[in-house]
Amino acid sequence: MLREALIDTLRPYHFRGKLRLLAGMAPRTGERTARLFGYDVRLDLAEAIQRWIYLGAFEPQETAAVRRWLRPGMTFVDVGANVGYFTLLAASRVGETGRVFAVEPSPYAHDRLNAAVSANRLAQVRTFRMGLSSTEGELNLYLPPESDGFHSPTMSASSWETLRVPVRRLDDCLDEWGVRSVDLIKLDVEGHEAHVLEGAAGALETGRVRAVLCEFNDHWLRQQGSSPRALHDTLVRAGFVDQEGVPDFGADGCETRFLVHRSALAGR
């Protein structure tokens, strides 16, 4: 169809008003195959995140930051990989000589993620159906009744499904995976970020992690007893420098920040 051909053509490009322009062109149900970062991916258009990915309108600023930072041969850890958008982007940037580790606890999202990795034969990518936290064990994962790409370890409602999912410490995982240095971690876990950082304290403070792309969501962080400022301070104390300067986190706001460890800055 002409409309879908236009969406396919415009998907790689980011411009103001793109989502508003294309939103009415795509079906709101059914599955489609989209070309994404050089890979073919099946997407469910009934789910919000996958629909934004299909339209090429998913997190454009974050996408640009990952593109700028990653190079062939680098190592990327995707914490809260969902259906694999940033995993695929990273795989295309680090190439066959790099490594990508994608962590996603939701069975639905992990199955989608794993299917995309398998279909495109991405040998540089390993996927893990689990979460990361401050200790090893199990935690509840809450899933809404309608699939919209959202799931959370922090929020629930009476109609939401509850799953017990395994969690591990990132410090332990990096040792097990044989990873000496991580060039970039993308961290988006709906308010559980502070716990993930606690389980990665060794890697963060020693400069084993060179950069972090982290979501700061005021509402979800406060559900876990944290805040954007407290989370940001944790990274700063570990030696990370915010590449956009000192943030001014507003109440109930949500933004993503790119921070680089001072040891990585010294080497650039």
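Summarised in this report is the structure supplied together with it. The structure displayed is predicted, hence computed values, not measured ones. (Residues numbered from 1 in each chain as written. Predicted model: local features only at pLDDT ≥ 70, side-chain atom pairs only at ≥ 80, totals over all residues. Heavy atoms only, no water.)

We now examine the overall build of the chain. Scanning the chain from terminus to terminus reveals 12 helices and 12 strands. For the chain, the C-alpha radius of gyration of 18 Å lies close to 18 Å, the compact-globule estimate for 268 residues. On the principal axes, the C-alpha backbone points of the chain span a range of 55 × 45 × 35 Å. The burial tally for the chain puts 53% of its 268 residues in the buried class. (Helix = DSSP H or I, 4+ residues; strand = E, 2+ residues; numbered from the N terminus. Rg over C-alpha atoms; globule rule 2.2 N^0.38 Å. Buried < 20%, exposed > 50% of the residue type's maximum accessible area, 1.4 Å probe, protein only.)

Once that is clear, we can look at a nonpolar patch on the surface. On the surface, a cluster of nonpolar side chains totalling about 310 Å² of accessible area is made up of Tyr13, Phe15 and Leu21. Examined against the element boundaries, Phe15 turns out to sit in the loop between α1 (2-10) and α2 (18-22). Judged by its relative accessible area of 35%, Phe15 falls in the partly exposed class. (Patch = residues over 30% accessible without salt bridge, like charges linked within 9 Å, V, L, I, M, F, W, Y side chains within 5 Å. Areas by Shrake-Rupley, 256 points an atom, 1.4 Å probe, with all protein chains shown as cover. Salt bridge = Lys/Arg side-chain N within 4 Å of Asp/Glu carboxyl O.)

Attention now moves to the sheet that holds strand β10 (residues 211-217). With mixed pairing, seven strands are arranged side by side in an open sheet as β5-β4-β3-β9-β10-β12-β11. One side of each edge strand has no neighbouring strand; the edge strands of this open sheet are β5 (125-128) and β11 (240-242). Averaged over all pairs of adjacent strands, the angle between strand axes in this sheet comes to 20°, irrespective of strand direction. Pairing between β11 and strand β12 (residues 254-261): three bridges, direction antiparallel. When the sheet's bridge partners are listed, Phe240 is paired in β12 with His261. Packing against the sheet, helix α6 (residues 107-119) makes contact with β4 (99-103) and β5, and its axis sits at approximately 160° to β5. (Pairing = 2+ DSSP bridges. Axes fitted to C-alpha atoms, helices over the stretch in contact; angles between N-to-C directions. Contact = heavy atoms within 4.5 Å.)

This part covers the environment of His261. Checked against the element boundaries, His261 lands in strand β12. Relative accessible area serves as the criterion here: at 4%, His261 is assigned to the buried category. Remark: the alpha-carbon pair of His261 and Gln124, spanning 137 residues in sequence, is separated by 25 Å. Contact partners of His261, with chain neighbours within four places excluded, come to Leu204, Glu205, Gly207, Val209, Arg210, Ala238, Gly239 and Phe240. Within the structure, the side chain of His261 is placed 3.1 Å from the backbone oxygen of Ala238, a separation counted as a polar contact. (Polar contact = N/O pair within 3.5 Å; in protein donor to acceptor, adjacent residues only side chain to side chain.)

In total, this model carries 15 salt bridges according to the counting rule given. With its nearest N and O atoms 3.6 Å apart, the salt bridge here joins Glu31 to Arg42. You can see Glu31 sitting in strand β1 (residues 31-36) and its partner Arg42 sitting in strand β2 (residues 39-44), a full 11 residues away along the chain. With a relative accessible area of 33%, Glu31 lands in the partly exposed category. Overall, the relative accessible area of 46% leaves Arg42 in the partly exposed class. When the shortest N-O distance is used, the salt bridge between Asp171 and Arg169 registers 3.6 Å. Residue Arg169 is classed as partly exposed on the basis of its relative accessible area of 24%. Through salt bridges with shared partners, a single network forms among Glu31, Arg42 and Arg112.

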